[in-house]
Amino acid sequence: MTYSRPGAAPVRPRRARPSAGSGFRPLWIADAVSQSGSAVTLLALPLVAIGTLDATPFEAGLLVMSEYLAFLLIGLPAGAWVDRLPLRPLMVAGDLGRAVLLLSIPVAGWLGVLTLPQLYAVGFGMSVCTVFFDVAAQSALPQLVDGERLVQANVRLEATRNITQVGGPGLAGALVGALTAPVALVADALSYTVSALLVARVRPLAKQSGARPVTTLRADIAEGLRFVFGHPALRALTLAAAVSNLCGTVGASMLLVLLAGDLGLSPLLCGAVFTAEAVGGLIGSLLTRRIAAALGQGPAMCASLVVSALLWLLALPFYAADWRFAVAVVLQGLGWTAFMTFKISSVAYRQRLCPEPLMGRMTATFRFVVWGSMPVGALVGGMLGQHLGAGPALWAGALGELLAVVPLLLSPLRTARELPDGGQEPHDAPPPAHP
């Protein structure tokens, strides 16, 4: 037996995992399929509110808030439930639930009864399904991929997501223009259905190993909170990501209000912004290991947050309905190139550090704080957009992104060179010889 920290419940040492083989592959493909459809919804759902239902900036902000609200309301107990339940059925149910919810929008549109409250209900319902799916998927990944290959697996997932999203927004723009936004959502519903079929094939995938003492839900939640906030580096990663998501959502909730509403850009041009983000994210995911090897894991994450925030700030003056829009799109994409180092490295860090029986609760605690900040950011963005305009809301969000690096600079991650193995603190060892 080993112990993850003083006073923690005993956990068994990790078993050797297969490298990215038969178990990882269907999960990888399923993620790619669902992400392709989600890239359509990323553009189509807000355009349903803005274009079809004439939503105000505040109402558009409320829609974004509803899409993340479950992380704030049920994020913590979801982690404890995931640690108690089979992972594969949870992920299948999450995919099928999202498919049904999305299909309700074009059906309501055809019947002429589509309303903003329904969009809010769909957004919230999808966030509930996403909470359970994402926590279960991140808990499953270390069962399917050995610890030494977790960074590589996360890079593959992130690169594939960005590849699928390169064409997604452009396709969404074309679908919205040709079929209307509600009908375009059918594509995402179908993608979730295919994803569910693929997830059902994921093998091997079982409940966590080792007998766990019978505990209360409250005790399980408390243990997850203690593990995350009792570890200096995990605490810093959580706070940094929370600040980034809070401020990023302030701006993101108003981006389409600015593009489609204030500037009057076509759905195709609106989609170009998200395509640029995906291209930038793809490039960044492919460069992450080299950047981290050159700078060290901790310094690379710090640089990632600062450089991405500065690039997004530089993009804002160029958002206009003329040639400057192309410059803004490029800078927006470069910001995501820089941000990928923090995003991928922080996920791999958390997965390698956490013992299996705590994986769901650790992930849910992180998501509760980090994703739970997003509905708050969307609400703030909606209020700023309603009273000051979409442009000032974007500036407020981008300036706030600069503060995300502060928790990292005040933690051991500031100088950490390597990712830890389970239970270790980050340390100042030299970078690996081969990235």
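Residues numbered from 1 in each chain as written. Predicted model: local features only at pLDDT ≥ 70, side-chain atom pairs only at ≥ 80, totals over all residues. Heavy atoms only, no water.

1. Let's talk about the pattern of salt bridges
As a reminder, the rule being used: By definition here, a salt bridge exists when the distance from a side-chain nitrogen of Lys or Arg to a carboxyl oxygen of Asp or Glu is within 4 Å. Strands here are runs of E lasting at least two residues and helices are runs of H or I lasting at least four, both read from the DSSP assignment and numbered beginning at the N terminus. Between buried and exposed lies partly exposed: a residue is buried under 20% and exposed over 50% of the maximum accessible area for its type, with that area taken using a 1.4 Å probe on protein chains only.
Per the counting criterion, the structure on display carries two salt bridges. One salt bridge in this structure joins R98 and D95, with 2.9 Å as the shortest N-O distance. Of the two residues, R98 and D95 are both situated in helix α4 (residues 87-111); the distance of three residues between them amounts to about one turn of the helix. Residue R98 is classed as buried on the basis of its relative accessible area of 5%. Residues R324 and D322 are paired through a salt bridge, measuring 2.7 Å at the closest nitrogen-oxygen approach. Among the residues examined, D322 registers a relative accessible area of 33% and is labelled partly exposed.

2. Remarks on the side chain of T288
For the record, the criterion: Polar contact criterion, stated in full: a pair of N or O atoms within 3.5 Å, where within protein one must be able to donate a hydrogen and the other to accept it, and residues adjacent in sequence count only if both atoms are side-chain atoms.
Its place among the elements puts T288 in helix α10 (residues 267-295). Among the polar contacts made by the side chain of T288, one reaches the main-chain carbonyl oxygen of G284 at a distance of 2.8 Å.

3. Quick notes on the nonpolar core
Across soluble globular proteins, nonpolar side chains show a tendency to be buried alongside one another. So the rule is basically this: The nonpolar core is taken to be a set of buried Ala, Val, Leu, Ile, Met, Phe, Trp, Tyr and Cys residues, with the residues joined through side-chain atoms within 4.5 Å.
Counting 30 residues, the largest nonpolar core has F227, L237, L305, F342, Y349, L408 and L413 as the members making the most contacts within it. Among the secondary structure elements, those contributing two or more residues to this core are α8 (217-229), α9 (232-262), α11 (297-315), α12 (324-353) and α13 (359-370). If you tally residues by element for this core, the top one is α9, at seven residues.

4. Comments concerning the environment of G109
Mapping G109 onto the fold places it in helix α4. Since its relative accessible area comes to 34%, G109 is described here as partly exposed. For the pair formed by G109 and V183, sequence separation is 74 residues and the distance between their alpha carbons is 8.3 Å.

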